[in-house]
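Observations on the three-dimensional arrangement
What follows is each chain in one-letter form.
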Amino acid sequence: MRIAPVIIGLLVVLTTMVPLSKRQVWWIRILDFPRFQIVFAGLVSLIWYLVSGFSTAFDLAFTLSVAAALAYQAYMIFPYTRFARLQTEWSRDPDPASTISLFFANVQMSNRRTEKLKTIIRDADADLVLLVETDDFWLERLQETLSDYKYTVLQPQDNTYGMLLFSRLELIDPKLKFLVQDDIPSIHGRVRLRSGQIVEFRCLHPRPPVPMEYKNAVPRDAEIIMVGSENRKDDLPFIVFGDLNDVAWSPTNYLFQNISGLLDPRVGRGFYNTFHAKIPFLRFPLDHLFHSNHFRLVEFRRLPYFGSDHFPVYGKLSLEADAKHVQEEPTPDEEEVIEAREKVAYAADEKE
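Here is a short report on the structure shown in this document. Each chain has its residues counted from 1, following the order in which its sequence is written. With the structure being a predicted model, the display of local features is reserved for residues of pLDDT at least 70 and the display and counting of side-chain atom pairs for 80 or more, all residues being used for whole-chain, interface and lining totals. Only hydrogens and water are removed before side-chain values are computed, so all heavy atoms of the structure are retained for them.

**Describing the packing of helix α1 (residues 3-17) against helix α3 (residues 35-51)**
Let me state the cut-off plainly: Axis lines are fitted through C-alpha atoms, for helices just across the contact stretch, and the angle between N-to-C directions can take any value from 0 to 180 degrees. Only runs of H or I of at least four residues qualify as helices and only runs of E of at least two qualify as strands under DSSP, and these elements are numbered from the N terminus. We call a crossing left-handed when the near helix sits turned anticlockwise from the far one by less than a right angle, and right-handed when that turn is clockwise. Contacts are assigned to residue pairs with any non-hydrogen atoms lying within 4.5 Å of each other.
At a closest axis distance of 8 Å, the pairing of α1 and α3 adopts a crossing angle of 145°. You can see that α1 and α3 cross each other, and the crossing is left-handed. Contacts from Ala4, Pro5, Val6, Ile8, Gly9, Val12, Thr15 and Thr16 of α1 reach α3 at Ile38, Ala41, Gly42, Ser45, Trp48 and Tyr49.

**Considerations on the sheet that holds strand β7 (residues 198-204)**
Quick reminder of the rule: Between any two strands, pairing holds if DSSP finds at least two bridges.
With respect to topology, 5 strands assemble into an open sheet ordered β5-β6-β7-β8-β9, the strand pairing being mixed. The open sheet is flanked by β5 (170-177) and β9 (287-291), the only strands paired with a single partner. On average, each strand axis in the sheet is inclined to that of its neighbour by 15°, with strand direction left out of account. Across 6 bridges, the pairing between β5 and strand β6 (residues 186-192) is antiparallel. The residue of β6 that forms the bridge with Ile172 is Arg190.

**So, helix α5 (residues 114-124)**
The following threshold applies: Only protein chains enter the area calculation, which uses a 1.4 Å probe; residues under 20% of their type maximum are buried, those over 50% are exposed, and those in between are partly exposed. What the arc covers is the set of directions going from the helix axis to the C-beta atoms.
Along α5, the residues that are buried comprise Thr114, Leu117, Lys118, Ile120, Ile121 and Ala124. What you see down the axis of α5 is that its buried residues fit within an arc of 165°, all on one side. Against the buried residues of α5 lie β1 (99-106), β2 (128-132), α6 (136-142) and β11 (313-319). Following α5 by one or two positions, Asp125 adopts a phi angle in the positive range, close to 55°.

**Comments concerning unusual backbone geometry**
Across the junction of Phe275 and His276, the peptide omega takes the value 15°, indicating a cis bond. With respect to the secondary-structure elements, His276 resides in the loop between α8 (251-260) and β9. Here Asp125, not a glycine, exhibits a phi torsion of approximately 55°, which is positive. Secondary-structure assignment places Asp125 in the loop between α5 and β2.

**Some details on the sheet that holds β11**
If you trace the 6 strands from one edge of the open sheet to the other, you get β3-β4-β2-β1-β11-β10, paired in mixed fashion. Each end of this open sheet is capped by a strand with a single partner; those strands are β3 (151-155) and β10 (295-302). The sheet shows a mean angle of 10° between the axes of neighbouring strands, taken without regard to direction. The sheet strands contacting α5 are β1, β2 and β11, and the helix crosses β1 at an angle near 170°.

**Overview of the side chain of Asp264**
Formally: Any pair of N or O atoms that falls within 3.5 Å is considered a polar contact. Within protein, one atom must be able to donate a hydrogen and the other to accept it, and sequence-neighbouring residues count only if both atoms are side-chain atoms.
Mapping Asp264 onto the fold places it in the loop between α8 and β9. Taking the relative accessible area as the measure of exposure, Asp264 reaches 0% and is therefore buried. Only 2.7 Å separates the side chain of Asp264 from the side chain of Arg266, close enough to count as a polar contact. The residues touching Asp264, leaving out its near neighbours within four places in the chain, are Tyr80, Gln87, Thr88, Gln257, Leu289 and Phe290.

This is the structure we're talking about:
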């Protein structure tokens, strides 16, 4: 009766300890994803084991090991529970002229259910619409629906890394860049709010560390860190959004926040799992919205299923003069600054 919980418990300890090595190989970094599932498995193992008796030194060692693994995993996901303090405050009286709403979705290139997505986009009525994994098929099917979005950056690709950005607000000098890998685009630019205020933005969809895509997490991490570090170059309001192919509770995400100083509106509000939309027990928060502390939050929602393996996301931010004085931005320590530089340098070496 005790063999099964011991095997489960040892797997929980192993899958908790291995990622602490910080090695970038894909099969290690992918273990950053299922923290909630590991916690669930650990609790099952621990309860199952304890109800069957407790009397030996092995019992004590096993129990403490699993408990320590559970404590670490819980610590990593705690900020994304409702027990944590909000990182982004709610806006109490937003000025419509100083707000910006964003809709973003990974359409899953092989998905062909365009009509449902069109309906969701129309209902969301966002200022900016970002769609990734978009090829020529998706561009052709969506252009008419998004015809009232005057400003666009369109990069359809057939490698699942196409990117389409539509905006009702004026885009200022938008650029398509390939920061780390020659086939992975990102969109960089500024947007003018209805009030005339200028906001920097970045749209990302880096390659994930999975065997059919790339052998390690170096390109993904480097692209995320490179973009994050741009926030501290001036005092303009700054937004980063898209499918980052990384979970909210990974070490890379926490490093990104500390290096960038950007806030995550999900902290203190919930997981907002967006992938995998078709597998309820295996879902993670892969689609992200980060912003500088110039903003407060008006709304943040995960939107309905439309056939993709991702759920779409809607967020609305309010640019407010006093927000940065009451919302503390994350800051890095010396070790994190060194780690961030190493990640970017390593990726540059690999690209050469």
